[in-house]
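So the chains spell out like this:
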Amino acid sequence: MERGNLGLKNCMEHSVPVRVTRGHRCENSYVGKVYTYDGLYKVVNYWAEKGISGFTVFKFRLKRIEGQPMLTTNQVHFTRGCIPNSVSEIRGLVCEDISGGLEDIPIPATNLVDDPPVAPTGFTYSRDIICAKGIKLPSAPTGCNCRGSCLDPRVCSCAKLNGSDFPYVHKDGGRLIEPKAVVFECGPNCGCGPACVNRTSQKGVRYRLEVFRTPNKGWGVRSWDYIPSGATICEYTGLLKKTDQIDPAADNNYVFDIDCLQTMKGLDGRERRLGEVSLPGYWQKDVEKTSDGGPEYCIDAVSIGNVARFINHSCQPNLFVQCVLSTHHDIGLARVVLMAADNIPPLQELTYDYGYVLDSVMDRDGKVKQMACYCGATDCRKRLF
């Protein structure tokens, strides 16, 4: 026994884990294979056998160490750089487009977990926020006087609200320079057109997304495309309600609180954000009077929503939440937009931090309700709430 065989034997005797990489056949690869990392394993046993050529062959039994993120190397399918050329090439396809044609780019759903495989159901797809009964959005403010596209921040009134600068750069169709407490975009009364960079979050889904079934987190979302840092992924849509209309004892994990004011004050452990934003005077009063009572409005996506309702939580996410104002200037009713916190390679699951405070969710009996976290991050909090 020598070299790699001896190394595996020593790993077993000294309880040292080994990293496992699996090879997959791939005709498009110049070496005929592609490789995926499969995590840490323990060597639990080994033995010697006679091979078909009469030589001694050492064999090892490995067991995957628990507590690692679920990896699905048996589901890897590479076609011309990982991206399918047609619907027929998608493995485990259960729905060709969950948006039903409402998005400019179809969003397929795949399921290689359930047997028999099922498609995501129980909701109506909507690209836009729908107001619940009794709720009306404020009227649109006076817009900027720019023409075609907003170019000069010294002239554009929307840019002045953003600290006399544009929040986006033109690269890659518009990328947010940095997270802000709120971003003012051009709205319906602005003179610029739909191609203006200051309308970046209003342009819908721009990347090829896929909803896929995970082993222990329900549905998830990944992108077939490379996503650059600061890019807009999607808006969180659903039914706009007052938070006191939500039954706290109901099993509804699709409620998103509109918490821009709480973020400005850094309440409940939120990362305080403000930046160079010119807040109107009446906003300052709202910020001052905001207390630990929590947000007044929320978005309920349990029965109505878009692809954002399928994006999972992570304690170390690759997306962040950005509040955006475009059709009105009421910060308590801001649009909730998910944006890339870093450069995201293709086929990596998209995640954001749900922001629950531990022990803040109660069941019908008023007892603390707990949910385990399976994000697999190095600094995972182990609980979602």
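Per an unreviewed UniProt entry, the chain goes by the name Histone-lysine N-methyltransferase, H3 lysine-9 specific suvh4 and belongs to Datura stramonium.

Chemist: Looking at this structure, how should I read the environment of S99?
Modeler: Summarising the element assignment, S99 is placed in the loop between β4 (93-95) and β5 (109-110). Of the polar contacts made by the side chain of S99, one reaches the side chain of D97; its length is 2.8 Å.

Chemist: Looking at this structure, I do not really get the state of the cysteines. What am I missing?
Modeler: What is meant by a disulfide is a covalent connection between two cysteines, made through their sulfur atoms. On inspection of all chains with the given rule, the structure shows one disulfide. Cysteine C150 shares no disulfide, and the gap to the nearest cysteine sulfur, in C186, comes to 3.5 Å. For C150, a relative accessible area of 1% translates into the label buried.

Chemist: Honestly, the packing of aromatic side chains in this entry has me stumped. Any pointers?
Modeler: Aromatic ring pairs are described here by two measures, namely the spacing of the ring centres and the angle between the planes. Under the defined criterion, the tally for this structure stands at six aromatic pairs. Judged by centre distance (5.1 Å) and plane angle (50°), the ring pair of Y236 and F256 falls under tilted. Pair noted here: Y236 is in the loop between β13 (232-235) and β14 (239-242) and F256 is in strand β15 (residues 255-257), with a separation of 20 residues, a long-range link. Through a chain of ring-to-ring contacts, the aromatic side chains of Y236, F256, Y352 and Y354 assemble into a single cluster. Its guanidinium or amino end placed over the ring of W219, R213 lies 4.9 Å from that ring's centre, counting from NZ or CZ.

Chemist: Honestly, the side chain of R175 in this entry has me stumped. Any pointers?
Modeler: Within the element layout of this structure, R175 appears in strand β9 (residues 175-176). The class of R175 is buried, set by a relative accessible area of 15%. Among the polar contacts listed, one links the side chain of R175 to the backbone oxygen of S229, at a separation of 2.8 Å. In this view, R175 contacts P167, Y168, V169, P228, S229, G230, A231 and N343; residues no more than four positions away in its chain are not counted.

Chemist: Looking at this structure, how should I read unusual backbone geometry?
Modeler: Excluding glycine, most residues fall at negative phi; most peptide bonds, likewise, are trans. For the peptide bond that leads from D115 to P116, omega is 5°, which places it in the cis range. In this structure, P116 sits in the loop between β5 and β6 (124-125). Phi angles above zero are rare outside glycine, and R3 is one such case at about 50°. Positionally, R3 belongs in helix α1 (residues 3-13). Residues other than glycine seldom take positive phi values, yet L347 does so here, at roughly 70°. Along the chain, L347 falls in the loop between β20 (335-340) and β21 (351-352). Judged by its relative accessible area of 33%, L347 falls in the partly exposed class.

Chemist: In this structure, what is going on with the nonpolar core? I would like to understand it.
Modeler: Across soluble globular proteins, nonpolar side chains have a tendency to be buried as a group. Among the nonpolar cores identified, the biggest contains 46 residues, and L209, V211 and V307 are the most heavily contacted of them. Only β11 (209-213), β12 (219-223), β13, β14, α3 (260-265), β16 (297-300), β19 (319-325) and β20 provide two or more residues apiece to this core. In this view, L209 contacts P106, I107, P108, V221, R222, S223, I233, V307 and L350; residues no more than four positions away in its chain are not counted. Counting residues in hydrophobic clusters, the runner-up holds 11 residues, among them C144, C146, C186 and C192.

The rules we used
- Residues numbered from 1 in each chain as written.
- Predicted model: local features only at pLDDT ≥ 70, side-chain atom pairs only at ≥ 80, totals over all residues.
- Heavy atoms only, no water.
- Helix = DSSP H or I, 4+ residues; strand = E, 2+ residues; numbered from the N terminus.
- Polar contact = N/O pair within 3.5 Å; in protein donor to acceptor, adjacent residues only side chain to side chain.
- Disulfide = S-S within 2.5 Å.
- Buried < 20%, exposed > 50% of the residue type's maximum accessible area, 1.4 Å probe, protein only.
- Phe/Tyr/Trp six-rings, centres within 6.5 Å; stacked < 30°, edge-to-face > 60°.
- Lys NZ or Arg CZ within 6 Å of the ring centre and 35° of its normal.
- Contact = heavy atoms within 4.5 Å.
- Core = buried A, V, L, I, M, F, W, Y, C linked by side-chain atoms within 4.5 Å.

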